[in-house]
Amino acid sequence: MTGRQTGSGPRGAGRVALIGGGFVADLYMRSLARHPDITVLAVHDHDPARLGTFAAHWGLRGVARLDDLLAQLAPGDVVVNLTNPRAHYAINRACLEAGHHVYSEKPLAMELAQARALHDLAAARGLMLVSAPCSVLGEAAQLLLGAVRRGVAGVPRLVYAELDDGFIPAAPYGKWQSESGAPWPHADEFAVGCTLEHAGYYLAWLIAMFGRVERVVAASAEVLPDKPGATGTPDFSVAALFFESGPVARLTCSIAAPHDHRLRVIGDKGVLQVREAWNNAAPVRFHRRFVLRRRLIEDPFGRRLRARAPSHPKVGRWGAAAMNFALGPAEMLAALAQGRACRLTNDMALHLTEVTLAIQNAGRDSGAQVIESTCDPMEAAAWA
Ligand SMILES: NC(=O)c1ccc[n+]([C@@H]2O[C@H](COP(=O)([O-])OP(=O)(O)OC[C@H]3O[C@@H](n4cnc5c(N)ncnc54)[C@H](O)[C@@H]3O)[C@@H](O)[C@H]2O)c1
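Residues numbered from 1 in each chain as written. Predicted model: local features only at pLDDT ≥ 70, side-chain atom pairs only at ≥ 80, totals over all residues. Heavy atoms only, no water.

### Some points on the overall build of the protein
In terms of regular secondary structure, the protein is built from 10 helices and 15 strands. Against the compact-globule benchmark of 21 Å for 384 residues, the protein has a radius of gyration of 22 Å, which places it among compact chains. Expressed along its principal axes, the backbone C-alpha trace of the protein runs to roughly 70 × 50 × 40 Å. For the protein, with 384 residues in total, the buried portion stands at 52%. Expressed as a percentage of contacts within the protein between residues at least 6 apart in sequence, the contacts between residues at least 24 apart total 71%. Total accessible area on the protein is roughly 17800 Å²; 54% of this is exposed by carbon and sulfur atoms. Side chains of the protein give 40 positive and 36 negative charges; the mean places of these two sets differ by 12 Å. (Helix = DSSP H or I, 4+ residues; strand = E, 2+ residues; numbered from the N terminus. Rg over C-alpha atoms; globule rule 2.2 N^0.38 Å. Buried < 20%, exposed > 50% of the residue type's maximum accessible area, 1.4 Å probe, protein only. Contact = heavy atoms within 4.5 Å. Areas by Shrake-Rupley, 256 points an atom, 1.4 Å probe, with all protein chains shown as cover. Lys, Arg positive; Asp, Glu negative; His and termini not counted. Charge placed at Lys NZ, Arg CZ, Asp CG, Glu CD.)

Encoded structure:
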């Protein structure tokens, strides 16, 4: 086990059970190892071979049937749903119906009506239904949130958030494996699409900072229709998010544009910037804006913001992520133990899902203004 523990963080004593023992489940186990107060009771996967390999690798009890696993849990336990997105709705529903709190990998469901039904079911049963990602509880996101609350950059006016992952079809993704040997599920990732898979990483931060998104103007397209296993799912999206509280954000997702995971909060006094979405310890910097003679300058180096106390246990990098995936389940268990509301709310889970689906499903026509004038492309100059 690699990684570094740099702080106490929220104590989440309690018990979790995992459903799905694939690629991300290994990242959860590495993260849960940083929370010794949390016991992993058992794991279920509908693929017996994967269940056996995963359970043996981590020394866990594997349970072949979902019903058997759910029957073994007690009130106050949390089920962590790490199955593929198309299975989320049915699994989340089964867990809630069995009376258990759920932490679901994103999205809660593939359709808004399903997500709403789950949200209603959780409310009727008095259960928590929380959605990943939980990096919003991580150090970088919380430093940014604290800086926004303190007005470090002045009034936030505009946010640019990029989740461009690089030209993934050309990457050697066939060689990407998790610790227990699960292959990176590229076919599923391409079929579900980078917006449903990744928009939440910054959307959760934006919603934490600014609250409700009241309007989304978005477009999405498949710009790499020749990639292996292409299904017509958008592999690019761009959205303008209009927050009820005032700021406007531009959020971009793609698996085509060069890797860029910057988030910039542009305020009256300067720019708050993070350059990595998937690293809890990513530096957060404030670039002050000032005038020098006749030039407008934003401090190119920036002042790094630091936590005033230890934040939470950190996890070493595996592949693209240096994130503690257990922060969400730990927060749920801490809230249960302390009899307080969970900072990751059921409403946040539904809102995140609704906004993400609006972007994913925007296509090329939602709100598009059809242009009637025409213009031919230009020939290059003879010397070019
Ligand atoms: N791959 C990543 O890097 C990554 C990172 C963060 C989050 N996630 C999210 O984690 C989730 C899982 O992704 P993954 O990469 O681990 O996929 P995966 O295909 O590697 O693993 C999913 C596992 O769930 C099991 N499963 C599927 N349907 C099931 C069902 N109905 N009942 C029981 N088991 C079932 C599969 O057999 C598989 O072992 C997705 O929501 C994904 O968005 C993935």
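### Comments concerning the domain arrangement of the protein
Structurally, the protein comprises domain 1 (14-131) and domain 2 (135-310 + 345-360). Between the C-alpha centres of domain 1 and domain 2 the distance comes to 26 Å. Each side of the interface is counted separately: domain 1 has 28 residues, and domain 2 has 25 residues. Summing the contributions of domain 1 and of domain 2, the shared interface buries around 2100 Å²; its carbon and sulfur component is 60%. Viewed at the interface, domain 2 and domain 1 are joined by 3 salt bridges. Arginine 30 is paired through a salt bridge with glutamate 179; the nearest N and O atoms lie 3.2 Å apart. (Domains from an automatic or database assignment. Buried area = accessible area lost by both parts, 1.4 Å probe. Salt bridge = Lys/Arg side-chain N within 4 Å of Asp/Glu carboxyl O.)

### As for helix H8 (residues 194-210)
Each full turn of the α-helix corresponds to 3.6 residues, which orients residues three or four apart in the same direction. For H8, with 17 residues, the first-to-last C-alpha span of 23 Å sits near the 24 Å given by 1.5 Å per residue. Within H8, the axis deviates most sharply at glycine 200, by approximately 40 degrees. For H8, the tally of buried residues reaches 16 of 17 residues, placing the bulk of the element in the interior. Trailing H8 by a residue or two, glycine 211 shows a phi angle of about 80 degrees, which is positive. (Expected span 1.5 Å × (residues − 1). Bend = angle between axes of the 7 residues up to and from the residue.)

### Remarks on the layout of surface pockets
By volume, the largest pocket amounts to about 1300 Å³. Lining of the largest pocket is provided by 47 residues; of these, Phe23, Val24, Trp184, Pro185 and Glu189 occupy positions nearest its centre. Of all the secondary-structure elements, those providing two or more residues to the lining of the largest pocket are helix H1 (23-32), helix H4 (85-97), helix H7 (186-192) and H8. Residues belonging to the lining of the largest pocket are distributed by class as follows: 25 nonpolar, 13 polar and 9 charged. Shared between two domains, the lining of the largest pocket takes at least three residues from each, and those domains are domain 1 (14-131) and domain 2 (135-310 + 345-360). Its volume calculated, the second largest pocket comes out at about 440 Å³. Every residue lining the second largest pocket is counted, 21 residues in all, and those nearest its centre are Leu137, Glu139, Gln142, Pro310 and Ser311. Counting residues per element, the ones that place at least two in the lining of the second largest pocket are helix H6 (139-149) and helix H9 (327-338). It is H6 that contributes the most residues to the lining of the second largest pocket, 5 residues altogether. Its residues assigned to classes, the lining of the second largest pocket comprises 9 nonpolar, 6 polar and 6 charged. (1 Å grid on protein atoms, 1.4 Å probe; cavity = no way out; pocket = protein on both sides within 12 Å on 5 of 7 lines; lining within 4 Å. Points joined across faces, edges and corners; volume = space filled by probe spheres on them. Nonpolar A, V, L, I, M, F, W, Y, C, P; charged D, E, K, R; others polar.)

### As for helix H5 (residues 112-125)
For H5, with 14 residues, the first-to-last C-alpha span of 20 Å sits near the 20 Å given by 1.5 Å per residue. Of all the positions in H5, only Ala115, Leu118, His119, Leu121 and Ala122 are classed as buried. One side of H5 holds all its buried residues, which, seen down the axis, span an arc of 160 degrees. What points out from H5, more than 90 degrees from its buried face, is the exposed set Ala113, Asp120, Ala123 and Ala124. Buried residues along H5 sit against H4, strand E6 (129-131) and helix H10 (346-360). (Arc of directions from axis to C-beta.)

### So, the packing of aromatic side chains
Tallied over the entire structure, the rule returns 10 aromatic pairs. Taken together, a centroid distance of 5.1 Å and an interplanar angle of 65 degrees make the contact between tryptophan 176 and tryptophan 184 edge-to-face. Of the residues examined, tryptophan 176 reaches a relative accessible area of 31% and is grouped as partly exposed. For tryptophan 184, a relative accessible area of 15% puts it in the buried group. Put simply, the rings of Tyr173, Trp176, Trp184 and Phe190 pair up and form one aromatic cluster. (Phe/Tyr/Trp six-rings, centres within 6.5 Å; stacked < 30°, edge-to-face > 60°.)

### Details of the packing of H4 against H5
Between H4 and H5, the least distance of the axes is 10 Å, while the angle of their chain directions is 10 degrees. Relative to H5, H4 is oriented roughly parallel. Note on element contacts: H5 touches H4 through Gln114, Ala117, Leu118, Leu121, Ala122 and Arg125, opposite Tyr89, Asn92, Arg93, Leu96 and Glu97. (Axes fitted to C-alpha atoms, helices over the stretch in contact; angles between N-to-C directions. Parallel < 35°, antiparallel > 145°, perpendicular 65-115°, else oblique.)

### Things to note about the pairing of strand E12 (residues 270-274)
Judged by how many residues are buried, E12 sits mostly within the fold: 5 of 5 residues are covered. The pairing of strand E11 (residues 263-267) with E12 spans 4 bridges and is antiparallel. Counterpart to arginine 264 in the pairing with E12 is glutamine 273. The turn joining E11 and E12, which pair antiparallel and follow one another in sequence, is formed by 2 residues. Pairing geometry for E12 and strand E13 (residues 284-292), over 5 bridges, is antiparallel. Note that in E13 the partner of valine 271 across the bridge is histidine 287. (Pairing = 2+ DSSP bridges.)

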